[in-house]
Amino acid sequence: MKTNGGRGRIRALGGWQRAPRAEVRRRRPGGRSWTRGLSGAAWRPPALRDRDASPSRTRMEQKKYLQAKLTRFLREDRIQLWKPPYTDETKDVSLALKDLAKKYSDKLECCENEVEKLMEEIRCKAIERGTGNENFKTTGIATIEVRLPPQRKKDRKTRLETRLHVTGKELRSKIAETFGFQENYIKIIINKKELQLGKSLEEQGVTHNVKAMVLELQQSEEDARRNVQVEEEKQNEARLKEQTIERTKRGLEILAERAEMVVDPVTTPYLDIANQTGRSINIPQSEKKALMLAMGYHEKGRAFLKRKKYELALPCLLDADKYFCECGTDLLDTVDNYAVLQLDTVWCYLQLGQLECLDDAEKKLNSAQKCFKKCYGENHQRLVDIKGNCGKEKILFLRLYLLQGIRNYHSGNGEEAYEYLNKAHRLFTELCIDPSKVDRLLQLGFTRQEARLGLRACDGNVEHAAAHITQRREELAQIRKEEQEKRKRRQESINVLKTMGYSTYAAKHALHQARGNLDEALKTLLSNPQRWWLNNSDPETNHRQESPSQENIDQLVYMGFDTGAATAALKVFRGNVQLAAQTLVLNGGSLPSDLQLAAEDSSSTPSSSPSDSAGTSSASTDEDMETEAVNEILDDIPEHEEDYLDSTLEDEEIIIAKYLSYVENTKAATKKNNSEQK
C-alpha cells in the first residue's frame with residue numbers, strides 16, 4: 001500500500017498472483033549499531049549475554065518450567081490429582097500423592113520433595129477450579145482468571161467471580177475496584193479481543209474459567225500517589241493514549257474510505273496497494289477496504305512495538321487480525337503479511353509478560369510457518385526467483401524459531417525448546433553485521449537501514465550490497481517518474497473535458513470510472529449528463545445563477561426548443577448551452593423529472609445566516625481533527641518497503657540469551673539433583 005507524495009507505501013511482493021507480501025512501510029530514521037568493532041581487529045559476532053539474569057528470576061523460571069513439564073506428564077498419564085486416591089473426601093491430600101511424587105521425580109530428574117510441592121500446588125488449583133465449576137452450574141456465577149500487568153509484582157494471577165449477563169463496562173469497573181486501577185485507564189483483553197463496554201459478557205463469548213488480561217494505560221498507581229502533580233501527569237498520559245487509539249481508528253477508517261472514492265492524488269493523502277516493485281495492483285473491491293484496514297492497523301501496531309509501547313500495540317494488532325480474517329483465504333495464503341502479524345502478536349504478548357494469556361500461541365506460530373512455506377516455496381526458492389536472494393527474510397525465521405523455543409519452554413518441552421533456541425542462535429550469528437561494513441556504506445551515502453538490509457541480502461559483501469541498494473533506488477526512481485507521468489496525463493484529460501463544458505468534479509469521476517480512458521469517460525458523460533450535474537460538489541461550478549442570459553435562451557429557441565424548457569435546462573447546467581442542448585435532444589425536448597426539480601430548486605438562493613457561519617466553523621474543526629488523525633497514520637507508514645525486515649537484533653540477542661540460560665540452568669539443576677540422589 002502506498003501513499004501519494006512519496007510518504008509511504010503498502011507493498012506486495014510478487015504481485016496479486018502468488019505475492020509473498022503486501023505491506024505498509026516507511027523508513028525508520030537513524031538506527032544504531034548494537035556492537036562496536038575494534039579498529040585493526042577481525043570482527044566477530046558478539047557472544048550472547050543475559051542482561052536480565054538474577055538468581056531469584058532463574059529459580060522462578062525453573063519452577064515454572066518443571067510445573068509445566070509435570071502437568072504435561074500428568075495429562076499424558078491421565079492422572080487427576082483432585083480425585084481419589086490423591087484427594088480424600090474432605091478434599092485434603094492423601095498419602096498416595098507422596099508415592100506419586102516419588103515416581104515422577106525420576107522422570108523429571110528432580111528431588112522428591114520439590115515434585116511433591118509442585119503436585120500439591122497443582123492439586124489445590126484443580127480443586128479450586130472444580131469448586132468454581134460446581135458453583136457455576138448451580139448459581140450461574142462464572143469465575144474469570146484475571147492476569148494483571150507486570151508492574152504488579154505480587155498476585156498477578158487471581159480469580160474474580162461475576163455473572164455473564166453483566167456488561168463489559170460493569171466487569172471493567174469491578175476489576176478496577178478490586179485491584180485498585182482507575183477504571184477509565186485500563187483495557188481488558190479476553191479471547192484475543194478487546195472487551196466491548198456496551199455488550200454483555202455472554203454476547204462477547206466470555207465463558208466460565210476464561211482468562212482476562214488487563215492492560216494499564218498509565219504507570220503504576222503506587223508511583224502516581226507520590227504527589228498530586230505526578231498523579232495528574234499520569235492521568236493526562238493515559239488520556240492521551242486513549243485518544244491516540246481513537247485517532248488511529250478514525251485515521252485508518254478515513255484512508256480506507258478514500259480507497260473507494262475519487263480523490264485528487266496531488267492534494268489528498270490516500271492509500272493504494274502495490275506489488276514488490278512499487279506498481280499499483282488491483283484488489284477485488286469486496287476485499288480492498290478490509291485489507292487496507294488490516295494492513296493499516298498492523299503497521300500502526302508495529303510502530304508502537306518499535307517504541308516499546310506494547311499496551312498500545314496489542315489493540316492495533318488484534319484489530320488487524322480481525323480485518324485480515326475478513327479477506328479471502330486465497331489472499332491470506334499468498335501473502336506473508338498475515339504470517340508476520342502472527343509473529344508480531346505473539347511477540348507483543350511476550351513483551352507484556354502475558355504469554356500465558358495467548359492460548360493459541362502454538363497455533364499462531366504454526367500458521368506463520370505454513371504461510372511462509374507457501375509464500376516462499378521449498379527452501380525459499382520462490383522468494384529467490386522473485387527477489388534474487390532470501391537473506392533479509394531470515395530475520396522472520398529467527399523470530400519464529402525464538403518464539404517457538406519460548407513456547408516449548410513454557411510448555412515443559414525442554415528438548416524442543418533447546419533445539420529451537422539453538423536454531424535462533426545460529427541465525428542470530430549469521431545475521432549479525434560488522435559495524436565497519438555499515439560505516440563503509442554510510443560513507444557512500446546510504447542510510448543505516450539500507451546498509452543493514454543490503455548487507456544481509458548480499459551475505460555481508462559490501463560491494464554487492466552497494467550495487468543492490470543502488471539498483472533498488474533506480475527502480476523506485478523509475479516508478480516515481482511513471483506515476484508523475486500518469487498524474488500528468490490524468491490532469492490533461494481533465495482539462496480536455498473541462499474545455500467541453502464539464503466540471504472538474506464530473507471529469508474526475510468519469511475518468512475514475514473509465515480507468516483513465518478519455519474516450520470511455522466522454523461516453524459515460526454523454527450517456528447520462530444529469531447524473532454528474534445533480535451530484536456535482538465542485539465549488540468552481542456549483543454556484544447559482546439567478547437567470548440564464550437571453551442570448552443563450554435565444555440560441556436554444558433557434559434550435560427549435562421550447563422557451564420554458566430552454567430556460568430550465570440553462571438553469572440546471574448553469575448557462576452551458578452545449579450540455580443543455582444535448583440533454584434536451586436526448587430527452588425529446590424536455591428535461592427529465594429529476595432535472596426539472598433541480599431547476600426549480602435553483603430559482604432561489606438561500607441567504608447566509610449566523611448559523612451557517614457556526615456550521616462552517618464546526619466543519620473546519622472536524623476537518624482539522626480528521627487531518628490530524630490521517631497524518632498520524634501516514635507518519636507511521638515506513639518509507640522503505642522492507643522496513644519489517646530491518647532489525648538491530650538487540651531485543652532478540654537478550655531474549656535468546658535469557659532462555660538459553662534458563663534451559664541450561666535447568667539441565668544443570670537436574671544433573672545436580674541426580675548426583676545428590678546417587
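Residues numbered from 1 in each chain as written. Predicted model: local features only at pLDDT ≥ 70, side-chain atom pairs only at ≥ 80, totals over all residues. Heavy atoms only, no water.

## Concerning the pattern of salt bridges
For side chains bearing opposite charge, pairing can occur when the charged atoms are close. With the rule as written, the count across this model stands at 28 salt bridges. Put simply, E145 and R147 hold a salt bridge, and the shortest N to O gap is 2.3 Å. The exposure class of R147 is buried, given its relative accessible area of 5%. Taking the shortest distance from any N to any O, the salt bridge between D321 and K364 comes out at 3.6 Å. Placement of the pair is D321 in helix 8 (residues 310-324) and K364 in helix 11 (residues 361-376), with a sequence separation of 43 residues. Taking the relative accessible area as the measure of exposure, D321 reaches 16% and is therefore buried. Salt bridges here are not isolated pairs; linked through shared partners, they connect E128, E145, R147, R159 and E356. (Salt bridge = Lys/Arg side-chain N within 4 Å of Asp/Glu carboxyl O. Buried < 20%, exposed > 50% of the residue type's maximum accessible area, 1.4 Å probe, protein only. Helix = DSSP H or I, 4+ residues; strand = E, 2+ residues; numbered from the N terminus.)

## Some words on the packing of aromatic side chains
Summed over all chains, the structure comprises eleven aromatic pairs. Centre to centre, the rings of F372 and Y376 are 5.6 Å apart; their planes meet at 15 degrees, and the pair counts as stacked. Within this pair, F372 and its partner Y376 are both found in helix 11, separated by four residues, close to a single helical turn. In this structure Y376 comes out as buried when scored by relative accessible area, which is 0%. Centroid distance Y409 to Y659: 5.8 Å. Interplanar angle 80 degrees. Geometry classified as edge-to-face. Here the residue Y409 occupies a position in helix 13 (residues 394-410), and Y659 occupies one in helix 26 (residues 650-677), the gap between them amounting to 250 residues. With relative accessibility at 7%, the residue Y659 sits in the buried group. (Phe/Tyr/Trp six-rings, centres within 6.5 Å; stacked < 30°, edge-to-face > 60°.)

## Here we look at the sheet that holds strand 8 (residues 211-216)
A sheet is described by the order of its strands in space; here five strands give the open sequence 5-4-8-6-7, paired in mixed fashion. Both edges of this open sheet fall to strand 5 (157-163) and strand 7 (193-194), since each of them pairs with a single strand only. As defined by bridge partners, strand 6 (residues 186-190) adjoins strand 7 across two bridges and the pair is classed as antiparallel. Bridge assignment links I189 to a residue of strand 7, and that residue is E194. Contacting strand 4 (141-147), strand 5, strand 6 and strand 8, helix 4 (residues 168-179) runs over the sheet at an angle of about 140 degrees to strand 5. (Pairing = 2+ DSSP bridges. Contact = heavy atoms within 4.5 Å. Axes fitted to C-alpha atoms, helices over the stretch in contact; angles between N-to-C directions.)

## Overview of the environment of Q196
Residue position: Q196 is located in the loop between strand 7 and strand 8. Taking the C-alpha atoms as reference points, Q196 and T167, separated by 29 residues in sequence, lie 8.2 Å from one another. Leaving out residues up to four positions away in the same chain, Q196 has contacts with G168 and Q204.

## What about helix 10 (residues 337-351)?
For helix 10, built from 15 residues, the straight-helix expectation of 21 Å at 1.5 Å per residue is met to within 8% by its first-to-last C-alpha distance of 21 Å. Helix 10 sits mainly inside the fold: 14 of its 15 residues count as buried. Within two residues after helix 10, G353 carries a phi angle of roughly 70 degrees, on the positive side. (Expected span 1.5 Å × (residues − 1).)

## Re the environment of L305
Topologically, L305 is positioned in helix 7 (residues 285-306). With relative accessibility at 11%, the residue L305 sits in the buried group. L305 sits 40 residues away from T345 along the chain, and the two C-alpha atoms are 9.9 Å apart. Aside from chain neighbours lying at most four places away, what touches L305 is Y310, A313, L317, D344 and C348.

## Some remarks on the nonpolar core
Core analysis: the biggest nonpolar cluster contains 100 residues, and M119 and F372 have the highest contact counts within it. Once residues lying within four places of it in the same chain are set aside, the contact partners of M119 are L70, L74, L81, L97, L100, A101 and Y104. Within the second largest apolar cluster, 26 residues are counted, among which are A507, A521, A580 and L591. (Core = buried A, V, L, I, M, F, W, Y, C linked by side-chain atoms within 4.5 Å.)

## Quick look at helix 11
Count 3.6 residues to each turn of an α-helix, and residues three or four apart come out pointing the same way. Across its 16 residues, helix 11 extends 22 Å between first and last C-alpha, which sits within 8% of the 22 Å expected from 1.5 Å per residue. All buried positions along helix 11 are accounted for by A361, K364, L365, A368, C371, F372, C375 and Y376. Looking straight down helix 11, one finds its buried side chains confined to an arc of 125 degrees; they lie on one side. With respect to the buried face of helix 11, the exposed residues turned more than 90 degrees away are K363 and K370. One or two positions beyond helix 11, positive phi appears at G377, with a value near 80 degrees. (Arc of directions from axis to C-beta.)

## Notes on the pairing of strand 6
Counting buried residues along strand 6, five of its five residues qualify, which places the element largely inside the surrounding structure. Taking every second residue as pointing to the same face, both faces of strand 6 are buried, with I186, I188 and I190 on one and K187 and I189 on the other. Note that strand 6 and strand 8 share five bridges and pair antiparallel. Directly across from I186, in strand 8, lies its bridge partner E216. Following strand 6, the chain reverses through two residues before pairing antiparallel with strand 7; N191 in that reversal takes a positive phi of roughly 55 degrees.

## Considering the side chain of D319
Inspection of the secondary structure assignment puts D319 in helix 8. For the buried D319, no salt bridge exists, and the shortest N-O distance to an oppositely charged side chain is 4.0 Å, to K322. When near neighbours in sequence (up to four residues on either side) are disregarded, D319 contacts K249 and Y297. (Lys, Arg positive; Asp, Glu negative; His and termini not counted.)

## Details of the pairing of strand 4
Judged by how many residues are buried, strand 4 sits mostly within the fold: six of seven residues are covered. Both strand 4 and strand 5 contribute to a ladder of seven bridges, which runs antiparallel. In the strand pairing of strand 5, A142 is matched with T162. By the bridge criterion, three bridges tie strand 4 to strand 8 in an arrangement that is parallel. Residue pairing in the sheet places V146 in a bridge with A212 of strand 8.

## What about the confidence of the model for the protein?
Regions with low pLDDT carry predicted coordinates that are not meant to be interpreted in detail. Chain-level statistics for the protein give a pLDDT mean of 77 and a share of 74% at 70 or above. Of the regions scoring below 50 in pLDDT, residues 1-41 engages in 183 contacts with residues more than four places distant in sequence or in other chains. Predicted confidence for residues 604-614 stays below pLDDT 50, and this span has two contacts to residues more than four positions away or in other chains. (pLDDT = per-residue confidence, 0-100.)

## Here we look at the packing of helix 10 against helix 13
Between helix 10 and helix 13, the shortest axis-to-axis distance is 10 Å and the interhelical angle comes to 45 degrees. On the basis of the axis angle, helix 10 is oblique to helix 13. By crossing handedness, the relation of helix 10 to helix 13 is classed as left-handed. Across the interface between the two elements, V340, L343, D344, V346, W347 and L350 of helix 10 pack against L396, R399, L400, L402, L403 and I406 of helix 13. Grouping the constituent residues of the contact of helix 10 with helix 13 by class yields ten nonpolar, no polar and two charged. (Parallel < 35°, antiparallel > 145°, perpendicular 65-115°, else oblique. Left-handed = near helix turned anticlockwise from the far one by under 90°. Nonpolar A, V, L, I, M, F, W, Y, C, P; charged D, E, K, R; others polar.)

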